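Overview (structure and organization)
Residue strings, one per chain:
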Amino acid sequence: MIIVNPRKCSGCLRCQVNCSFFHTGSVGRSRSRVKVVKIEGMGIDYPVLCRQCEERFCTRCPESAIEIGPYGQVIVSPTLCVSCGTCETLCPIGAIELFEDIPYVCDLCGGEPRCVMECNMGAIEYEPDSNELVSLQPFKEGARGQSPEAKRIRYALEMTKGMREQWKSSVGG
Amino acid sequence: MLYGYSGHILRVDLSSGKIIREKSDPHYMLKAIGGRGLNSLRLYDELRRDIDPLSPENILLIGVGPLTGSLLSSSAYMTISGKSPMTGILGDSAAGGFFGPELKQAGYDQIIITGKADKPCYLLIADDHVEIKEASHLWGSDIWQTTSAIRQELTDNAFQIAAIGPAGENLVKFATVACNNSRMFGRTGMGCLFGSKNLKAIAVRGTTPVSIADTLTYMDLCRELDRRILAHPEWNDRHALGSTLLMKALNNIGILPTNHFQKGVCEYVDKISGQELAEKFKVKNKSCFNCNIHCSRYYITGDVESEGPEFETLCSYSSRIGVDDLHFTLKMAAYLNRMGIDALSSGETIGWAMECFQRGLLNKDDVDGLDFTWGNKETIEEILGLIVQRKGVGDAFAEGTRSLSTKFGRGSEKYALHVKGLDIICGDPRGIKAFGLTYAIASRGADHLRAEPFFELTERYDEAEKRWGIRDIANRLSNNGKAVLVEYTERQALLTDCMTMCKNIGLSMDILDFDLAGRLLKAGTGLNFTPERVEKSLRGIIDADRKMNIDFGIDASMDTLPRRFTHESLEEGPSKGQVVPIKEMVKEYYRLRGWDEEGRPA
């Protein structure tokens, strides 16, 4: 799975830029499968992408268009998908988002994630052999009706609480 | 379709409310390229020269380039231009962050704003949807508050906001515009220009990706550029400290402005250095869009937290005005960013006042009882508050040092360190001769970024010999060949601005050359950007800027430096005994530029 370390993330968006470029040949946030949340006033930069979670909420697709691939990646069938947006609604952290009727979600680039290759901060790392399972159940609460961006912000804030506490105690010495 | 370019220009007239979306003209783009070049040519073609900069007739331009927001590293920049309220000549300021790339995705290469709204407003751009929105409820808010208030109002955190603070609203002549809270369009008073149009902010959100003509070639060229950046000998220091590394670096060569350029060596530099800042207050690296150096920093002190500061702010509010307290400097940096004031120009008004106090030219009675003793922190805080609100003596300070010193007279004009009304940056030109020439001839006044001839600091003697046949070019204390260097780096700087890359990378690190740039532009746009075409365009833009400035009243007598740098030598340190022989250098520069002896293009 992909591990994000917000302490190291500078918010440069190279993950987002390269994800978009190597999947579509063009650069834009709407075409990227990783989206960096930036909260300038708190110094938070957090790349949000599919955690290959334990629950696999997105696989409850009514059209059965979503399956899990050999690396644990989410695979969306372009022929079965009817762009209903259920996967976007179900994902509690905003890691799937439709743009122009196509669901954008991390596919792990076939086992060699571009975002990881391009991050020279070490803020995104890939551990293909990790057996650890991440539960996103706690993020389900309050997720209903939220936009993907709002869900990403909630997630980023929660995941960086400890970082902010540690920052405050470490400076000025 | 156009590649690279978004393909549209947005015209907004705030007086009538009329909004027009027109196609970008590829022939025009070949001449203008993008960013600063595009803005300069637009002003040259459309600006009435004799207008008051604060009048509705002034044009406010926001320009990005064909490669902004693309795979190209550090393609983050954009330029804001107009007739400067600060200087009355060409005004422009560039910054990185994330606004420029977002504007590209919204589908625009340039925004052209004219007129004046009858009440405070902000401009909302969401792809094709463009709207002038009421902003009375935001008037009076600082930049950080405004940025988050607009995002909340639009219920979308992904909007990029460029905003002014109270200083811009109150028409402080050196008011700034900021995006992402801390990326500042600092110089020449573009925030004042926003304020004069009752324009509080621009909010932009775009969903159209940036498309490239020859994707595979472009990718290879971007990778080549990345290799140059990552292999650069300065990468580690720039990554760790960013521009704040200059505090110690400039001090080591005796050109760190101390007590308003009376000294070039600061004995307490270790208390205010970039290293000290990194060790005590930095919590992580920050970055502009798509950069692989990440030279910016996030800091937390007990009082404030923010991204930044850059060297010019750090020095302007420490050694330049006699402050040895880094904690205080950071507090001021955050205050300047929130209120929207340029650190350099505000710092120069304070430095001027402090030197005038030292020399007995001013006393407390002249300045509302304020005590401008070197490093007086209470006075610094108080005068900034007065400047932002234009209260009391702050009203005169808010006009900038040139006007302020003329008002007080008594010989204090001699200590106003500016060229053409723009205050001098933090680098004593007496120990860096090519920089001296740059300040003198830069088309927006005393500014290093118009040419940033960093090469003279690198001691790359063999490379100097190879490129220009003059070894002295790599010797900072020599004036030999410096006009040759500045003529070259002035074009390199403009090229970097047109491609909207970071000038630290393209220029200071000497990463960008005309051949690589031509190939990037050609692969990016599919237009016939040969290296020759690019060169011709750059020379054309530099000449157009000059002609426009001549129309604004600039002549050869103004291409000079304050007397301090040409006649008073530094008394100690590694640049001891030096002055800038500016006349000969300017003359040589005109000749190389192909201008006549009065500095007029053909």
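Residues numbered from 1 in each chain as written. Chains lettered and ligands numbered in written order. Predicted model: local features only at pLDDT ≥ 70, side-chain atom pairs only at ≥ 80, totals over all residues.

Overview of the overall build of chain B
A tally of helices and strands in chain B yields 25 helices and 17 strands. Taking 602 residues into account, the globule formula puts the C-alpha radius of gyration at 25 Å, and chain B, at 22 Å, falls close to it. For chain B, the residues scored as buried account for 61% of the 602 residues in total. Across chain B, contacts joining residues at least 24 apart in sequence account for 69% of those joining residues at least 6 apart. (Helix = DSSP H or I, 4+ residues; strand = E, 2+ residues; numbered from the N terminus. Rg over C-alpha atoms; globule rule 2.2 N^0.38 Å. Buried ≥ 20, exposed ≤ 12 C-beta atoms within 10 Å, placed from the backbone. Contact = placed C-beta atoms within 7 Å.)

Brief notes about the overall build of chain A
In terms of regular secondary structure, chain A is built from five helices and eight strands. From first element to last, N terminus to C terminus, chain A shows the α and β order β-α-β-β-β-β-α-β-β-α-β-α-α. With respect to the three principal axes, the spread of C-alpha positions in chain A is 60 × 35 × 30 Å. A buried classification covers 44% of the 173 residues belonging to chain A. Intrachain contacts of chain A at a sequence separation of at least 6 include 64% that bridge at least 24 residues.

A few points about the interface of chain B and chain A
Across the contact, 34 residues belong to chain B and 30 residues belong to chain A. Those elements that provide at least two residues to the side of chain B that touches chain A are α4 (143–153), β13 (282–286) and β14 (296–300) of chain B. Top element by residues in the side of chain B that touches chain A is β13(B). It accounts for four residues. Of the residues that constitute the side of chain B that touches chain A, the class distribution is eleven nonpolar, 18 polar and five charged. (Nonpolar A, V, L, I, M, F, W, Y, C, P; charged D, E, K, R; others polar.)

Some details on unusual backbone geometry
Note the cis peptide between B:Gly308 and B:Pro309, where omega equals -20°. Inspection of the secondary structure puts B:Pro309 in the loop between β15 (305–307) and α12 (311–316).

With respect to helix α20 (residues 482–498) of chain B
Here α20(B) spans 24 Å end to end across 17 residues, near enough to the 24 Å set by a 1.5 Å rise per residue. Residue B:Thr500 follows α20(B) closely and has a positive phi angle near 50°. (Expected span 1.5 Å × (residues − 1).)

Brief notes about the environment of A:Leu157
Counting through the fold element by element, A:Leu157 comes out in helix α4 (residues 148–159). As a C-alpha pair, A:Leu157 and A:Val37 span 120 residues in sequence and 9.4 Å in three-dimensional space.

Digging into the domain arrangement of chain B
Many authors give the size of an interface as the accessible area that is lost as the parts come together. All names here are of chain B. In terms of domains, chain B is made up of domain 1 (8–205), domain 2 (241–421) and domain 3 (428–498 + 530–593). Taking only C-alpha atoms into account, the centre of domain 1 sits 29 Å from that of domain 3. Counting residues at the interface gives 24 residues for domain 1 and 18 residues for domain 3. If you list the elements that add at least two residues to the side of domain 1 that touches domain 3, you get α1 (26–32), α2 (35–46) and β5 (90–95). Considering every element that reaches the side of domain 1 that touches domain 3, the biggest residue donor is α2, with seven residues. The residue inventory of the side of domain 1 that touches domain 3, partitioned by class, reads eight nonpolar, eleven polar and five charged. (Domains from an automatic or database assignment.)

Some remarks on the sheet that holds strand β8 (residues 129–134) of chain B
All names here are of chain B. Strand order in the open sheet formed by six strands is β8-β7-β12-β9-β10-β11, and the pairing between neighbours is mixed. Looking at strand neighbours, the two that pair on one side only are β8 and β11 (183–185), the edges of this open sheet. In this sheet, neighbouring strand axes are inclined to one another by 20° on average, regardless of whether the strands run parallel or antiparallel. In this fold helix α3 (residues 99–106) packs onto β7 (121–126), β9 (160–163), β10 (177–179) and β12 (199–205), with an angle of close to 60° to the strand it touches most, β12. Those strands touched by α4 are β7, β9, β10 and β12, and its axis lies near 140° from that of β9. (Pairing = 2+ DSSP bridges. Axes fitted to C-alpha atoms, helices over the stretch in contact; angles between N-to-C directions.)

Brief notes about the packing of α20(B) against helix α23 (residues 531–551) of chain B
All names here are of chain B. Their axes nearest at 10 Å, the elements α20 and α23 cross at an angle of 100°. The pairing of α20 with α23 is recorded here as roughly perpendicular in orientation. Contacts from Glu490, Arg491, Leu494 and Leu495 in α20 reach Val534, Leu538, Ile541 and Ile542 in α23. Each residue belonging to the contact of α20 with α23 can be placed in one class, and the counts come to six nonpolar, no polar and two charged. (Parallel < 35°, antiparallel > 145°, perpendicular 65-115°, else oblique.)

Remarks on the environment of B:Thr530
Position of B:Thr530 relative to the elements: it lies in the loop between α22 (514–525) and α23. On a C-alpha basis, the gap between B:Thr530 and B:Phe514 in space is 9.4 Å, while along the polypeptide they are 16 residues apart.

Some words on the sheet that holds β14(B)
Residue and element names in this part refer to chain B. Across the sheet, which stays open at both edges, the three strands sit in the order β13-β14-β15 with antiparallel pairing between neighbours. Where the open sheet ends on each side, the last strands, each with one partner, are β13 and β15. The average angle at which neighbouring strand axes cross in this sheet is 15°, direction not considered. Sheet topology places β13 next to β14; four bridges connect them, and they run antiparallel. Each residue of the ladder has a partner; that of Asn285, found in β14, is Arg297.

Comments concerning the environment of B:Asp45
Residue and element names in this part refer to chain B. Relative to the assigned elements, Asp45 resides in helix α2. What makes Asp45 exposed here is the crowd of 10 C-beta atoms within 10 Å. In the structure, Asp45 is positioned 503 residues away from Met548 in sequence and 9.7 Å away in space, judged by C-alpha atoms.

Points about helix α15 (residues 377–389) of chain B
All names here are of chain B. Taking 1.5 Å per residue, 13 residues should reach 18 Å; α15 reaches 19 Å between its end C-alpha atoms and fits that length. For α15, the set of buried residues is Thr379, Ile380, Ile383, Leu384, Leu386, Ile387 and Val388. Taken from the residues just after α15, Arg390 is the one with a positive phi, measuring 55°.

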